[in-house]
2 protein chains.
Amino acid sequence: MPDIVVLPVGVVRSSLTDPREAPRQPDEGAPASRIELTPAAAVAAADLRPGDRVIVLTWLDRADRETLRVRPRDDPDRAEVGVFSTRSSHRPNPIGLHEVTITEVTAGVITVGALEALDGTPVLDIKPVLTDVARR
Amino acid sequence: MPDIVVLPVGVVRSSLTDPREAPRQPDEGAPASRIELTPAAAVAAADLRPGDRVIVLTWLDRADRETLRVRPRDDPDRAEVGVFSTRSSHRPNPIGLHEVTITEVTAGVITVGALEALDGTPVLDIKPVLTDVARR
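Definitions and limits used
- Residues numbered from 1 in each chain as written.
- Chains lettered and ligands numbered in written order.
- Predicted model: local features only at pLDDT ≥ 70, side-chain atom pairs only at ≥ 80, totals over all residues.
- Heavy atoms only, no water.
- Least-squares fit on C-alpha atoms with pLDDT ≥ 70 in both.
- Contact = heavy atoms within 4.5 Å.
- Salt bridge = Lys/Arg side-chain N within 4 Å of Asp/Glu carboxyl O.
- Helix = DSSP H or I, 4+ residues; strand = E, 2+ residues; numbered from the N terminus.
- Buried < 20%, exposed > 50% of the residue type's maximum accessible area, 1.4 Å probe, protein only.
- Pairing = 2+ DSSP bridges.
- Axes fitted to C-alpha atoms, helices over the stretch in contact; angles between N-to-C directions.

With an RMSD of 0.0 Å, the fit of chain A onto chain B corresponds to turning through 180 degrees and sliding 0.0 Å along the axis. Accordingly, the operation relating the two chain copies is best matched by a two-fold axis. Closest approach to the rotation axis within chain A is made by the C-alpha atom of Val 5 of chain A, at a distance of 2.3 Å. In this assembly the copies share their binding face: 100% of the residues contributing to the interface of chain A also contribute to that of chain B.

Structure representation (structure tokens):
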């Protein structure tokens, strides 16, 4: 299968800078963050509005892509399992999924609620959370 | 920002071969499908079991990456909107998210329920649907 080149559409700006302090899930203390978009991505984002629930896809660039098995939550009392059974960031393609609420939109910058991604994390895509057929 | 190279971990095998016949969402008639994994990915998938709810991430390789605005569902009566406000496959990084139930697991092959992806679509990742903290 051919390689696939992904082009970041933006970057996360966050107070989270140390991987050891990053919460594992957004309900565990993630901060509000900004997403700075490229000019083309700002066109794609032009109809996003405060209050929208979206899924932000990120590239977890500090993850280890060689890891295939992990102990969930690094807990030594838990058995090692294949990474596809976990949300570990360490996996062959470390794409993060972050369901967040947009709180502010300005030219090229989207502010969102709790986002568990380190400062500088590339953003790959933003999608609406599917709610009803009318919005698809 | 640097380019990012994604390496497929598998491929979708499906009766869907014509993009014009592909359903837009899984509750609109998508068929059961198989995911054929690479040997390394089979290690990462070794703890997946029938009944597991997972999110399959795909690379929608027949999408147009230059599209920034679309009419939702190609409906001429709807206004054009930025693609980040839609689930259109046409977007800068056409990563598909498919929430499915695993029905069968054999060596290197995972069979899942309704999956709206064309035959040959590269698979990038498989993640458990987050349900409760204990499973993280």
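A side chain of one charge can pair with a side chain of the opposite charge if their charged atoms are brought near each other. Residue and element names in this part refer to chain A. Tallied over the entire structure, the rule returns 18 salt bridges over all chains. Ionic pairing is found between Arg 53 and Glu 99, a salt bridge with its closest N-O pair at 3.4 Å. Taken together, the residues span a long stretch of sequence, with Arg 53 in strand E4 (residues 53–59) and Glu 99 in strand E7 (residues 95–106) at a distance of 46 residues. Since its relative accessible area comes to 40%, Glu 99 is described here as partly exposed. Here Asp 125 makes a salt bridge to Lys 127, at a shortest N to O gap of 2.9 Å. Just as Asp 125 is buried, Lys 127 falls in that class too. Connected through shared salt-bridge partners, Arg 13, Arg 34, Glu 36 and Asp 119 make up one network.

The next thing to look at is the sheet that holds strand E8 (residues 109–112) of chain A. Strands belonging to one sheet form pairs held by backbone hydrogen bonds; the direction of such a pair is parallel or antiparallel. Strand order in the closed barrel made by the six strands is E2-E3-E8-E7-E4-E9 (chain A), with antiparallel pairing throughout. Neighbouring strand axes in the sheet, compared pairwise and without regard to direction, differ in orientation by 45 degrees on average.

Moving on, we get to the pairing of strand E3 (residues 33–37) of chain B. All names here are of chain B. On E3, burial follows the alternation: Ser 33, Ile 35 and Leu 37 on one face are buried, whereas Arg 34 and Glu 36 on the facing-out side are not. Where strand E2 (residues 10–13) meets E3, four bridges bridge the pair, whose relative direction is antiparallel. Opposite Val 11, over in E3, you have Glu 36 as the bridge partner. Across four bridges, the pairing between E3 and strand E8 (residues 109–112) is antiparallel. Along E8, the bridge assignment pairs Ser 33 with Val 112.

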